Amino acid sequence: MDQVVANLITAAALIGVVVLARRNLRHQRGHRRAALRLALVAGAFMSTGRLLTMHHVPTSFEVAFVFGAVAWGLFQAALVWLCYVALEPYVRRLWPRVLVSWIRLLDGRIKDPLVARHLIYGAVAGIFFQLLDQASRLWVGEPIYAISASAFLPFGTDGGASFLGYALIAALSGIMPSVGYLALLLLFRLLLRNIAAAAILMVLLNPIQGPMTSGLELLPVLVFQTGESLWLAMIFRFGFLSAAAALVVSTLLERFPLTIDLSLWYAPTSLFVLAMVVVLAVAAFRVSLGGRALLSDLLKET
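A. Main features of the packing of aromatic side chains. For the coordinates displayed, the defined rule picks out six aromatic pairs. A centroid spacing of 6.0 Å and a plane angle of 90 degrees characterise the contact between Trp-72 and Phe-75, whose relative ring orientation is edge-to-face. Of this pair, Trp-72 and Phe-75 both sit in helix 3 (residues 61-94), three residues apart, which is roughly one turn of the helix. A centroid spacing of 6.4 Å and a plane angle of 50 degrees characterise the contact between Phe-128 and Phe-129, whose relative ring orientation is tilted. A residue is classified by how much of its surface remains accessible, and Phe-129, at 11% relative accessible area, is buried.

Right, dumping it as structure tokens:
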């Protein structure tokens, strides 16, 4: 029954997105260049990820597999473009601060200090979200979820293609729920005319996704609702970029679990993923300084 309700709400949200997108296109509203860039990234992630995770064999079915991967990418791109065209004008009018750093990133300003800071905030939040999720899983005795054993082999026989493909799909799996959550929040806000009521309804319904638990365990449900509430708070405090980055990092850490036990067979992948996170965090921190030398500033203060 819960799944039926979730599917009905998702279908209603998609209908609402189509109506809003049609209205915005008719009135020539929205940042279409940003929508196109985001759609291209989403489509490329999906198609490339599926192609890299496939086991390619020179048979007659190979062409069908390739066209299938491209078709999924085009579908993903179209869905992202539609959602962005529907959401962006309303979000920019109702909550102008939410999209500031996000628009800067889509405009190619990757060295903007504000963009770097919001990415760091999102990464820290994503780690916290994953710690909450794994703690609830351990509490109810559930295993850590992983996509596939081949995803844990960044330097395997395929040269790391599967690892990269699963990483792209995992990143997209963090971006798409972010867009879906924002779409649902906006639709509830337009219907209820009150942001607090819209946020409360969204948290209570949990329509996009729910805790992966067997049975009616209360703790995972509370953990999920807590994480969703914090995610909504991040949108209005730091913006959509931080919130999306939080889900991307959380998804990556879920799909590629870390370990400090070097005897485990997936330990090399854990170290590789950890190194990637550290390198990106350090790079974002350097950009966030805006050209200032941190050490010299500290010495001046002393």
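The rest of the description comes next.
B. Quick peek at the packing of helix 2 (residues 32-53) against helix 3. Contact pair helix 2 / helix 3: the axes reach a minimum separation of 7 Å and the direction vectors enclose 155 degrees. Taken together, helix 2 and helix 3 sit at an angle that is classed as roughly antiparallel. For the crossing formed where helix 2 meets helix 3, the hand is right-handed. Facing helix 2, whose interface residues are Ala-34, Ala-35, Leu-36, Leu-38, Ala-39, Ala-42, Gly-43, Met-46, Ser-47, Arg-50 and Leu-51, helix 3 presents Val-66, Ala-69, Val-70, Trp-72, Gly-73, Gln-76, Ala-77, Val-80, Trp-81, Tyr-84 and Val-85.

C. Broad picture of a nonpolar patch on the surface. A surface patch of nonpolar side chains, about 350 Å² in accessible area, is lined by Leu-191, Leu-192, Leu-201 and Leu-205. Contributing elements (two or more residues each) for the nonpolar patch: helix 6 (161-192) and helix 7 (195-205). Along the chain, the position of Leu-192 falls in helix 6. Note on Leu-192: relative accessible area 40%, which makes it partly exposed.

D. Inspection of helix 7 at higher detail. Every buried residue of helix 7 is listed here: Ala-198, Ala-199, Met-202 and Val-203. What you see down the axis of helix 7 is that its buried residues fit within an arc of 130 degrees, all on one side. Among the exposed residues of helix 7, those oriented more than 90 degrees off its buried face are Ile-200 and Leu-204. The N-capping residue of helix 7, defined by a side-chain oxygen 3.0 Å from the backbone nitrogen of Ala-196, is Asn-194.

E. Quick look at the pattern of salt bridges. Scanning all chains against the criterion turns up four salt bridges. With a shortest N-O distance of 3.7 Å, Arg-33 and Asp-107 are connected by a salt bridge. Taken together, the residues span a long stretch of sequence, with Arg-33 in helix 2 and Asp-107 in the loop between helix 4 (100-106) and helix 5 (113-140) at a distance of 74 residues. You can call Asp-107 partly exposed: its relative accessible area is 29%. Here Asp-112 and Arg-104 are joined by a salt bridge, their closest N and O atoms 3.1 Å apart.

F. Focus on the side chain of Ser-242. Tracing the backbone through its elements, the reader meets Ser-242 in helix 9 (residues 240-255). Once residues lying within four places of it in the same chain are set aside, the contact partners of Ser-242 are His-118, Tyr-121, Gly-122 and Met-234.

G. A look at the environment of Gly-126. Residue position: Gly-126 is located in helix 5. Classification of Gly-126 as buried rests on a relative accessible area of 0%. Beyond its immediate stretch of four places on either side in the chain, Gly-126 contacts Ala-246, Val-249 and Ser-250.

Cut-offs applied
Residues numbered from 1 in each chain as written. Predicted model: local features only at pLDDT ≥ 70, side-chain atom pairs only at ≥ 80, totals over all residues. Heavy atoms only, no water. Phe/Tyr/Trp six-rings, centres within 6.5 Å; stacked < 30°, edge-to-face > 60°. Helix = DSSP H or I, 4+ residues; strand = E, 2+ residues; numbered from the N terminus. Buried < 20%, exposed > 50% of the residue type's maximum accessible area, 1.4 Å probe, protein only. Axes fitted to C-alpha atoms, helices over the stretch in contact; angles between N-to-C directions. Parallel < 35°, antiparallel > 145°, perpendicular 65-115°, else oblique. Left-handed = near helix turned anticlockwise from the far one by under 90°. Contact = heavy atoms within 4.5 Å. Patch = residues over 30% accessible without salt bridge, like charges linked within 9 Å, V, L, I, M, F, W, Y side chains within 5 Å. Areas by Shrake-Rupley, 256 points an atom, 1.4 Å probe, with all protein chains shown as cover. Salt bridge = Lys/Arg side-chain N within 4 Å of Asp/Glu carboxyl O. Arc of directions from axis to C-beta. Polar contact = N/O pair within 3.5 Å; in protein donor to acceptor, adjacent residues only side chain to side chain.

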